[in-house]
Amino acid sequence: STITITSSGFQPGSLTIKAGETIVWDNQSSNTGNVSSSPHPAHTDYPPLNLGDIAPETSVSLIFSTAGTYKYHNHLDASQFGSITVQ
């Protein structure tokens, strides 16, 4: 599944997947984006989700192997956030 990083945030903002699936964050904005685990600014809930800065026109991915709800945000603009539910 793909989550697009736009200038106004993550699209879609929430996503449900099955365990073992890969999520790709694709930066389609003209600015550097960022994916960091909640909470802001500690990023301690799920450290593998601390994917860091993502340059425009590039992408990063992460495999989610364990069921749960994973919340994240754009550390460069903490008003942008999202969540992934793994079943």
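Please refer to the structure higher up on the page.
This one's a predicted model, so the numbers in the text were calculated from it and none came from an experiment. (Residues numbered from 1 in each chain as written. Predicted model: local features only at pLDDT ≥ 70, side-chain atom pairs only at ≥ 80, totals over all residues. Heavy atoms only, no water.)

Student: Outline the sheet that holds strand β5 (residues 33-37), supporting the account with residue identities and numerical values.
Tutor: Ordered in space as β3-β9-β8-β5-β6, the five strands form an open sheet in which the pairing is mixed. Either end of the sheet is taken by a strand with one partner, and the two such strands are β3 (14-17) and β6 (52-54). Each neighbouring strand pair of the sheet contributes to a mean axis angle of 25 degrees, computed without reference to strand direction. Pairing analysis gives seven bridges linking strand β8 (residues 68-74) to strand β9 (residues 77-86), with the strands arranged antiparallel. In the sheet register, Asn 74 faces β9, and the bridge partner there is Asp 77. (Pairing = 2+ DSSP bridges. Helix = DSSP H or I, 4+ residues; strand = E, 2+ residues; numbered from the N terminus. Axes fitted to C-alpha atoms, helices over the stretch in contact; angles between N-to-C directions.)

Student: Provide a residue-level description of the nonpolar core, including the pertinent values.
Tutor: Membership of the largest hydrophobic core comes to 16 residues, with the highest contact counts inside it found for Trp 25, Phe 64 and Ile 84. For this core, the elements supplying multiple residues, two or more each, are β1 (2-6), β3, β4 (21-27), β7 (59-64), β8 and β9. (Core = buried A, V, L, I, M, F, W, Y, C linked by side-chain atoms within 4.5 Å. Buried < 20%, exposed > 50% of the residue type's maximum accessible area, 1.4 Å probe, protein only.)

Student: So what about the environment of His 73? Which residues, and what values?
Tutor: By secondary structure assignment, the location of His 73 is in strand β8. On the basis of relative accessible area, His 73 is assigned to the buried category, the value being 4%. Once the C-alpha coordinates of His 73 and Val 35 are considered, the two residues, 38 residues apart in sequence, prove to be 5.7 Å apart. Ignoring anything within four residues of it in the chain, the contact list for His 73 reads Phe 10, Asn 34, Val 35, Ser 36, Ser 37, Ser 38, Pro 39, His 40, His 43, Gln 80 and Phe 81. Within the structure, His 73 has its side chain in polar contact with the side chain of His 40 (distance 3.2 Å). In this structure the side chain of His 73 is engaged in a polar contact, spanning 3.2 Å, whose partner is the side chain of His 43. (Contact = heavy atoms within 4.5 Å. Polar contact = N/O pair within 3.5 Å; in protein donor to acceptor, adjacent residues only side chain to side chain.)

Everything listed is a geometric property; what it means functionally is a separate question.
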